[in-house]
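So you can see what is in the structure, the chains are spelled out below.
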Amino acid sequence: MVREVPRNIDRPNRNAEYAATFMLGWYGTMFLTQQAMIALIVTFLAFYLTYKLTLNKPEGAMYRIVYRKVGLGKMVPPPKKVKKFEI
């Protein structure tokens, strides 16, 4: 007897990206505006944007996009703003 293989066995797992998107979208908007409806709309738009930007890409693609465009605070500037590699 042969065991069936799931069809989506190689599908990338985006749970961590969706969790980060939810926390940044919901809690960030609630902190800034204190309006639940605006936070809900921003969160759904962020989910849609995450889905569209990471479609057919490997896991962690959203983190790479955010790092390239935004960076990690003032300690580590994004590659877009650094003209040459400095040690």
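Residues numbered from 1 in each chain as written. Predicted model: local features only at pLDDT ≥ 70, side-chain atom pairs only at ≥ 80, totals over all residues. Heavy atoms only, no water.

A. Looking closely at the overall build of the protein chain. Each helix and strand counted, the protein chain has three helices and zero strands in total. Taking all 87 residues of the protein chain together, the buried fraction comes to 17%. Restricting to contacts in the protein chain with at least 6 residues of sequence separation, those with at least 24 account for 47%. For the protein chain, the computed accessible surface area is about 7900 Å², with 65% contributed by carbon and sulfur atoms. (Helix = DSSP H or I, 4+ residues; strand = E, 2+ residues; numbered from the N terminus. Buried < 20%, exposed > 50% of the residue type's maximum accessible area, 1.4 Å probe, protein only. Contact = heavy atoms within 4.5 Å. Areas by Shrake-Rupley, 256 points an atom, 1.4 Å probe, with all protein chains shown as cover.)

B. Structural detail: the confidence of the model for the protein chain. Predicted confidence across the protein chain gives a mean pLDDT of 83, with 85% of residues reaching 70 or more. Across the protein chain, the secondary-structure element scoring lowest on mean pLDDT is helix α3 (residues 61-69), at 81, and the one scoring highest is helix α2 (residues 36-53), at 95. (pLDDT = per-residue confidence, 0-100.)

C. Summary view of the layout of surface pockets. Approximately 210 Å³ is the volume found for the second largest pocket. In terms of lining residues, the second largest pocket is bounded by Arg11, Pro12, Asn13, Arg14, Asn15, Tyr18, Tyr51, Thr54, Leu55 and Asn56. For the lining of the second largest pocket, the class distribution of residues is four nonpolar, four polar and two charged. (1 Å grid on protein atoms, 1.4 Å probe; cavity = no way out; pocket = protein on both sides within 12 Å on 5 of 7 lines; lining within 4 Å. Points joined across faces, edges and corners; volume = space filled by probe spheres on them. Nonpolar A, V, L, I, M, F, W, Y, C, P; charged D, E, K, R; others polar.)

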